[in-house]
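# Coordinate analysis (summary)
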Amino acid sequence: MNKKPNLAVVGATGVVGRTLLKVLEERDYPFENLYIMASAKSAGTVVTFKGKDYIVEELTENSFDKPIDIALFSAGGSTSEKFAPIAASKGVAVVDNSSAWRMNKEVPLVVPEVNPEEVKWNKGIISNPNCSTIQAVVVLKPLYDKYGIKRVIYSTYQAVSGTGVKGIEDLKEGLKGNGTTKAYPHPIAGNCLPHIDSFLDNGYTKEEMKMILETQKILKDDNIKVTATTVRVPVFDSHSESINIEFDKPFEVEDIKKLLAESPGIVLCDDPKNNVYPLARETAGKDEVFVGRIRRDFSVDNGINLWVVADNIRKGAATNTVQIAELLIK
Ligand code: L14
């Protein structure tokens, strides 16, 4: 692409959408024209971007008749399911934040530090992985390349911002002593809910299955065994994850620390004797994935334990989307 693209942001008024605009602004993403679209409910509201006011347009089947080059979608699964193919059919490159297209074989699932080359074969839609998957695979990829991975066990501690405004409200109200349950079936303050997204017949939640299947797709290896337990915790921003990995090959813990510290998008944060390890409150607002508590799992051959934390709305959604959009204009 030689000229600057015409850019559309679809769903700019939610938690991810607002951060998407912020990240586009921070990274000075180049564009000729910017169109901001949302459902009829938010249409007509004014959004300020780089000091200029934009009126939010209603997303319709005709929205992409304009000469739009790239559209960043963060408007939920059903909107993406309907409108991403319409946009793609009109020649728009869609970067989609919902879970609608991630496991579709015709759609690349991209984390720029991990598999940037996948963008090339897109047929109009590129999918942004689930927030919990993104931060995990940024760390898994260099380890996979060097040592091979047999099995991964994920246990997550996920922030309420992933649920959007209602989740944030439930925690705010809960901390004031009001047990509101707008977002969750139980109060979130003072609780851990082993329940993210809905339950499937196999006993797992959709969030758990997303982590399992997306990890295999992104690392292009269906032989990796993956299991997951995803838990909502009373934290506003940043998902934390305990990741247990069993490698094919032997390793030295010090080599792993060095490898991760040198890998793209990762900050090593591992000095437990001085109380230094990745923390949700410290990673909130940042774009890197933080890793610490790196230690051998003595219960198996070639096993390791890691603690991985990242801002779920930034690296887990908005920043990753903008990084994909940057690959599109390279
Ligand atoms: O699949 O509630 O993109 O924290 C991301 C947020 C699923 C739910 C996705 C949450 C959603 C998740």
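Description of the structure in this document. (Residues numbered from 1 in each chain as written. Predicted model: local features only at pLDDT ≥ 70, side-chain atom pairs only at ≥ 80, totals over all residues. Heavy atoms only, no water.)

On to the site of the ligand. All residues in the neighbourhood of the ligand are listed as Asn 97, Ser 99, Arg 102, Asn 130, Cys 131, Gln 158, Gly 162, Thr 163, Glu 207, Lys 210 and Arg 232. In this structure, an oxygen atom belonging to the ligand sits 2.7 Å away from a side-chain N or O atom of Arg 102. Taking Asn 130, its side chain carries an N or O atom lying 3.3 Å from an oxygen atom of the ligand. For the ligand, whose free accessible area comes to 320 Å², the fraction covered by protein is 80%. Looking at the shell around the ligand residue by residue, the class counts come to 1 nonpolar, 6 polar and 4 charged. (Near = heavy atom within 4 Å. Polar contact = N/O pair within 3.5 Å; in protein donor to acceptor, adjacent residues only side chain to side chain. Areas by Shrake-Rupley, 256 points an atom, 1.4 Å probe, with all protein chains shown as cover. Nonpolar A, V, L, I, M, F, W, Y, C, P; charged D, E, K, R; others polar.)

Before going further, it helps to spend a moment on the sheet that holds strand β11 (residues 239-247). Backbone hydrogen bonds are what pair the strands of a sheet, in a parallel or an antiparallel way. Pairing within the open sheet is mixed, and its 6 strands lie in the order β10-β9-β11-β14-β13-β12. Strand pairing shows two members of the sheet lacking a second neighbour, β10 (225-232) and β12 (266-268), which therefore form its edges. The mean angle between the axes of side-by-side strands here comes to 25 degrees, regardless of whether they run parallel or antiparallel. Inspection of the sheet shows strand β13 (residues 289-297) paired to strand β14 (residues 303-310) by 6 bridges, in the antiparallel sense. Within β14, the residue paired with Val 291 across the bridge is Val 308. Packed on one face of the sheet, helix α6 (residues 253-262) meets β11, β12, β13 and β14 and runs near 170 degrees to β13. (Pairing = 2+ DSSP bridges. Helix = DSSP H or I, 4+ residues; strand = E, 2+ residues; numbered from the N terminus. Axes fitted to C-alpha atoms, helices over the stretch in contact; angles between N-to-C directions. Contact = heavy atoms within 4.5 Å.)

Taking 1.5 Å of rise per residue, 13 residues should cover 18 Å, and helix α2 (residues 77-89) covers 18 Å from first to last C-alpha, within 8% of that figure. At Phe 83, α2 shows its largest kink, close to 30 degrees, and the proline Pro 85 lies no more than four residues downstream. Listing the buried residues of α2 in full gives Thr 79, Ser 80, Phe 83, Ala 84, Ile 86 and Ala 87. Note on α2: the residue one or two positions beyond its end, Gly 91, has a positive phi of about 90 degrees. (Expected span 1.5 Å × (residues − 1). Bend = angle between axes of the 7 residues up to and from the residue. Buried < 20%, exposed > 50% of the residue type's maximum accessible area, 1.4 Å probe, protein only.)

The next point concerns the packing of helix α3 (residues 131-147) against α6. Interhelical geometry of α3 versus α6 gives an angle of 125 degrees and a closest axis separation of 10 Å. Relative to α6, the element α3 is oriented oblique. Handedness of the α3/α6 crossing: right-handed. Contacts from Val 139, Pro 142, Leu 143, Lys 146 and Tyr 147 of α3 reach α6 at Asp 255, Ile 256, Leu 259 and Leu 260. Here the contact of α3 with α6 is built from residues that sort into 7 nonpolar, no polar and 2 charged. (Parallel < 35°, antiparallel > 145°, perpendicular 65-115°, else oblique. Left-handed = near helix turned anticlockwise from the far one by under 90°.)

Tallied over the full model, the rule gives 19 salt bridges. Of the charged contacts in the structure, one is a salt bridge between Glu 26 and Arg 314, with a shortest N-O distance of 2.6 Å. Linking Glu 26 in helix α1 (residues 15-26) with Arg 314 in helix α8 (residues 314-328), this pair joins segments that are 288 residues apart in sequence. In this structure, Glu 57 engages Lys 66 in a salt bridge whose closest nitrogen and oxygen atoms are separated by 2.8 Å. Owing to a relative accessible area of 28%, Lys 66 belongs among the partly exposed residues under this scheme. Here the residues in one salt-bridge network are Glu 26, Asp 287 and Arg 314, joined through shared partners. (Salt bridge = Lys/Arg side-chain N within 4 Å of Asp/Glu carboxyl O.)

What follows is about the pairing of β14. Counting buried residues along β14, 7 of its 8 residues qualify, which places the element largely inside the surrounding structure. Pairing of β11 with β14 involves 8 bridges; the strand directions are antiparallel. Bridge pairing in β14 links Ser 242 to Trp 307. The turn joining β13 and β14, which pair antiparallel and follow one another in sequence, is formed by 5 residues; a positive phi near 55 degrees is taken by Asn 302.

Here the focus is the nonpolar core. One recurring pattern in soluble globular proteins is that nonpolar side chains are buried together. Core analysis: the largest hydrophobic core is formed by 39 residues, its most contacted members being Val 139, Leu 143, Tyr 154, Ile 245, Phe 247, Ile 256 and Leu 306. Elements represented by at least two residues in this core include exactly α3, β9 (149-158), α5 (206-218), β10, β11, α6, β13 and β14. For this core, the leading source of residues is α3, giving 9 residues. Counting 28 residues, the second-largest nonpolar core is a separate cluster that includes Val 9, Phe 31, Phe 49 and Ala 93. (Core = buried A, V, L, I, M, F, W, Y, C linked by side-chain atoms within 4.5 Å.)

Summarising the element assignment, Pro 278 is placed in the loop between β12 and α7 (280-283). Remark: the alpha-carbon pair of Pro 278 and Val 111, spanning 167 residues in sequence, is separated by 21 Å. In this view, Pro 278 contacts Cys 269, Phe 290, Val 291, Gly 292, Trp 307 and Val 309; residues no more than four positions away in its chain are not counted.

For the rest of this paragraph, the subject is the packing of α3 against α5. Interaxial distance between α3 and α5 falls to 9 Å at its minimum, and their mutual angle equals 35 degrees. α3 and α5 meet at a crossing whose hand is right-handed. In contact with Cys 131, Ser 132, Thr 133, Val 137 and Leu 140 of α3, α5 contributes Glu 207, Lys 210, Met 211, Glu 214, Thr 215 and Ile 218. Its residues assigned to classes, the contact of α3 with α5 shows 5 nonpolar, 3 polar and 3 charged.

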